[in-house]
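# Analysis of the macromolecular model
As a plain string of letters, each chain reads:
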Amino acid sequence: MGYSTNFEESQHFSDTFGTFAKKLAGEIAEVCAVAGKLVLEIGCGKGEFLRELCAVGGATGLGIDPGYRADKGRGCDGGRRLNFIVDHFGPKYEHLSADVVLCRHTLEHIAPVREFLRSIRRLAGTRNDTWIVFETPDAKRVLKEAAFWDIYYEHCSYFSPGTHARVFRQEGFDVTDLELVYGGQYIVQYARPAEGRIRPTLPLEDDLGELERLVETFSNRVSSFQEQWHERVTAAHASGRRIVLWGGGSKAVSFLTTLGLGEEVDAAVDINPYKQGKYTPGTGHPVVSPQALLQQPPDLVIVMNAIYGNEVTQALNSLGLKPEIVAVGK
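Residues numbered from 1 in each chain as written. Predicted model: local features only at pLDDT ≥ 70, side-chain atom pairs only at ≥ 80, totals over all residues. Heavy atoms only, no water.

### Concerning the overall build of the protein
Put simply, the test is: Working definition: helices are DSSP H or I runs of at least four residues, strands are E runs of at least two. Numbering for both runs from the N terminus. In this description the radius of gyration comes from C-alpha coordinates, and the expected globular size is given by 2.2 Å times residues to the power 0.38. Note on classification: 1.4 Å probe, protein chains only; a residue is buried when its accessible area is under 20% of the maximum for its type, exposed when over 50%, partly exposed between these limits. Note on contacts: a residue pair is in contact if any heavy atoms of the two residues lie within 4.5 Å. Here, Shrake-Rupley sampling with a 1.4 Å probe gives the accessible areas, and only protein chains in the shown set may cover a residue. Charged-residue counts in this description rest on Lys and Arg as positive and Asp and Glu as negative, His and the chain ends being excluded. To locate a charge, take atom NZ for lysine, CZ for arginine, CG for aspartate or CD for glutamate.
The number of helices and strands found in the protein is eight helices and 12 strands. Since a compact globule built from 330 residues should have a radius of gyration of about 20 Å, the 21 Å found for the protein is in line with a globular shape. The burial tally for the protein puts 51% of its 330 residues in the buried class. When contacts within the protein are restricted to residue pairs at least 6 apart in sequence, those whose partners lie at least 24 apart make up 66%. Carbon and sulfur atoms form 51% of the exposed surface of the protein, whose accessible area is close to 15,000 Å². The protein carries 35 positive and 42 negative side-chain charges, and their two centres are separated by 4 Å.

### Details of the pairing of strand E8 (residues 243-246)
Note the cut-off: Any two strands with at least two DSSP-identified bridges between them are counted as paired. The handedness rule is simple: strands pointing away from the viewer, and a clockwise path from the first strand over the helix to the second, make the crossover right-handed.
Residues of E8 alternate between two faces, with Ile243 and Leu245 on one and Val244 and Trp246 on the opposite face, all of them buried. Bridging between E8 and strand E11 (residues 300-303) involves four bridges; their strand directions are parallel. When the bridges of E11 are listed, valine 244 appears paired with valine 301. Looking at chain direction, E8 and strand E9 (residues 267-269) are connected through three bridges and run parallel. When the bridges of E9 are listed, leucine 245 appears paired with alanine 268. Considered for its hand, the β-α-β crossover made up of E8, helix H7 (residues 250-259) and E9 is right-handed.

### With respect to the pattern of salt bridges
Definition in use: When a carboxyl oxygen of Asp or Glu is within 4 Å of a side-chain nitrogen of Lys or Arg, the pair counts as a salt bridge.
Within this structure, the stated rule accounts for 19 salt bridges. Arginine 104 serves as the salt-bridge partner of glutamate 135, at 2.7 Å between the closest nitrogen and oxygen. Taken as a pair, glutamate 135 in strand E5 (residues 131-137) and arginine 104 in strand E4 (residues 100-104) lie far apart in primary sequence, 31 residues in all. There is no split in this pair, since glutamate 135 and arginine 104 are both buried. For arginine 166, the salt bridge is made with aspartate 207, and the minimal N-O distance between the two is 3.3 Å. Of this pair, arginine 166 sits in helix H5 (residues 161-170) while aspartate 207 sits in the loop between strand E7 (186-193) and helix H6 (208-238), placing them 41 residues apart in sequence. Judged by its relative accessible area of 1%, aspartate 207 falls in the buried class. Overlapping salt bridges, with partners in common, bring together Arg141, Glu145, Asp150 and Lys251 in one network.

### Observations concerning the packing of helix H3 (residues 113-124) against H5
What counts, and what does not: Fitted lines through C-alpha atoms serve as axes, helices being fitted only where they are in contact, and the angles separating the N-to-C directions of these axes extend from 0 to 180 degrees. The scheme is simple: roughly parallel for angles under 35 degrees, roughly antiparallel for over 145, roughly perpendicular for 65 to 115, oblique for anything else. Crossing handedness is defined as follows: a turn of the near helix away from the far one that is anticlockwise and smaller than a right angle gives a left-handed crossing, while the clockwise case is right-handed. Residues are grouped as follows: nonpolar covers Ala, Val, Leu, Ile, Met, Phe, Trp, Tyr, Cys and Pro; charged covers Asp, Glu, Lys and Arg; every other residue, Gly included, is treated as polar.
Interaxial distance between H3 and H5 falls to 10 Å at its minimum, and their mutual angle equals 55 degrees. The angle between H3 and H5 falls in the class oblique. Like other packed secondary-structure pairs, H3 and H5 cross with a definite hand, here right-handed. Along its contact with H3, which presents Val113, Arg114 and Leu117, the element H5 presents Val167, Phe168 and Gln170. A class-by-class count of the residues in the contact of H3 with H5 yields four nonpolar, one polar and one charged.

### Side note on the sheet that holds E9
Strand order in the open sheet made by the five strands is E10-E9-E8-E11-E12, with parallel pairing throughout. A single partner strand is all that each edge strand has here, and the edge strands are strand E10 (287-288) and strand E12 (324-327). In terms of strand pairing, E9 meets E10 through two bridges, oriented parallel. Bridging across to E10, alanine 268 finds its partner in valine 287.

### Topic: H7
Since one α-helical turn is 3.6 residues long, residues separated by three or four positions face the same way. In terms of burial, H7 is largely enclosed, as seven of its 10 residues are buried. Along H7, the residues classified as buried are Lys251, Ala252, Val253, Ser254, Phe255, Leu256 and Leu259. In the core, the buried residues of H7 are packed alongside H6, E8 and E11. Just beyond H7, the residue with positive phi is glycine 260, at close to 65 degrees.

### Re the nonpolar core
Here is the rule we go by: The term nonpolar core refers to a set of buried residues drawn from Ala, Val, Leu, Ile, Met, Phe, Trp, Tyr and Cys, joined through side-chain atoms within 4.5 Å.
Core analysis: the biggest nonpolar cluster contains 39 residues, and Ile28, Cys32, Val39, Phe49, Leu53 and Trp246 have the highest contact counts within it. Examining the composition of this core, we find that seven residues originate from one element, helix H1 (residues 15-31), more than from any other. Discounting residues that sit within four places of it in the chain, phenylalanine 49 has contacts with His12, Ala21, Leu24, Ala25, Ile28, Leu102 and Arg104. Residues Cys103, Leu107, Ile120 and Ile187 belong to the second largest nonpolar core, which totals 29 residues.

### Observations concerning the sheet that holds E4
Strand order across the open sheet formed by seven strands is E3-E2-E1-E4-E5-E7-E6, with mixed pairing between neighbours. The open sheet is flanked by strand E3 (82-85) and strand E6 (173-181), the only strands paired with a single partner. In this sheet, neighbouring strand axes are inclined to one another by 15 degrees on average, regardless of whether the strands run parallel or antiparallel. Pairing of strand E1 (residues 38-42) with E4, which is carried by three bridges, proceeds in the parallel orientation.

### A look at the packing of aromatic side chains
Formally: Here the aromatic set is Phe, Tyr and Trp, taking the six-membered ring for Trp, and pairing holds for ring centres within 6.5 Å; pairs whose planes are under 30 degrees apart are stacked, those over 60 apart are edge-to-face, and all others are tilted.
The tally for this structure, following the rule as stated, stands at 16 aromatic pairs. Here phenylalanine 148 and phenylalanine 255 contribute two aromatic rings whose centre-to-centre distance is 6.0 Å and whose plane-to-plane angle is 15 degrees, an arrangement assigned as stacked. Here phenylalanine 148 is found in the loop between helix H4 (139-145) and H5, whereas its partner phenylalanine 255 is found in helix H7, with 107 residues between them in sequence. Accessibility expressed as a relative area gives 0% for phenylalanine 255, which makes it buried. Consider the rings of tryptophan 229 and phenylalanine 255, whose centres lie 5.5 Å apart with planes at 80 degrees: the pair is edge-to-face. Of this pair, tryptophan 229 sits in helix H6 while phenylalanine 255 sits in helix H7, placing them 26 residues apart in sequence.

Honestly, that's just the spatial picture; any functional story needs more than this.
Right, dumping it as structure tokens:
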């Protein structure tokens, strides 16, 4: 993978995601008591969440990401409270000092996981009061739902709550809290540098037996699910129905490429203006704005993440459009 400023990953244009992010920022600000402290976010993307956290918590922020880009419409200006480094995090930044190290939806993109965590542990050094906060997709949910659209090459590591906490403990962190958020899609973990003792395992960590059972049946369930979706889409297309996907990100790309869909789907809709006018990798489907649907109203809208179902329905209603709406995983 070559991450650069051309990479576009932001979800913050969604009201659903924005509400979640604001709530999570408030939780982190309270748990980590960030007021007047420095938050270092590794893999900060375009900086929206770091801005939110510093604004709600009264903190100063430093973000590191090779894909950071200062664009309009990304949220309020952090002014002197925020600084960004356009680069990959690594050993050359271990000299940095931070009260909170935040890393959201980045660990799954890291192949040398242990080296990455060890670098963060060295950054914390002898301080035992540094908070380490990670957010990562829950692979156990992917296994449960046979969610083939959530498996893509950018993710070279996958974690359940248990595997997530255990690897941190092995690398010198005391995991203090572990929770599932955003409809059970994401793992949020709080930790501190260990002081020679490790807390007892948390309830969510006891998942090895369940993982083994899910893995045993995963292949067959995925094959069946793929067949069902392929038949559903091709049948709708054959009957003359116009089909669009709602969401032009990685889920849509995986859905289209895995099922080998081409002309069956007209376009992918995305509310992120920085994706509109572009094309999905691999299949070349146009990524359009919701307003573009007025020119060619869809008959079937497939929502790439069920958690956005109400938001998508409201957006279509506001346009006076009444297509059939279905969500993957439901």
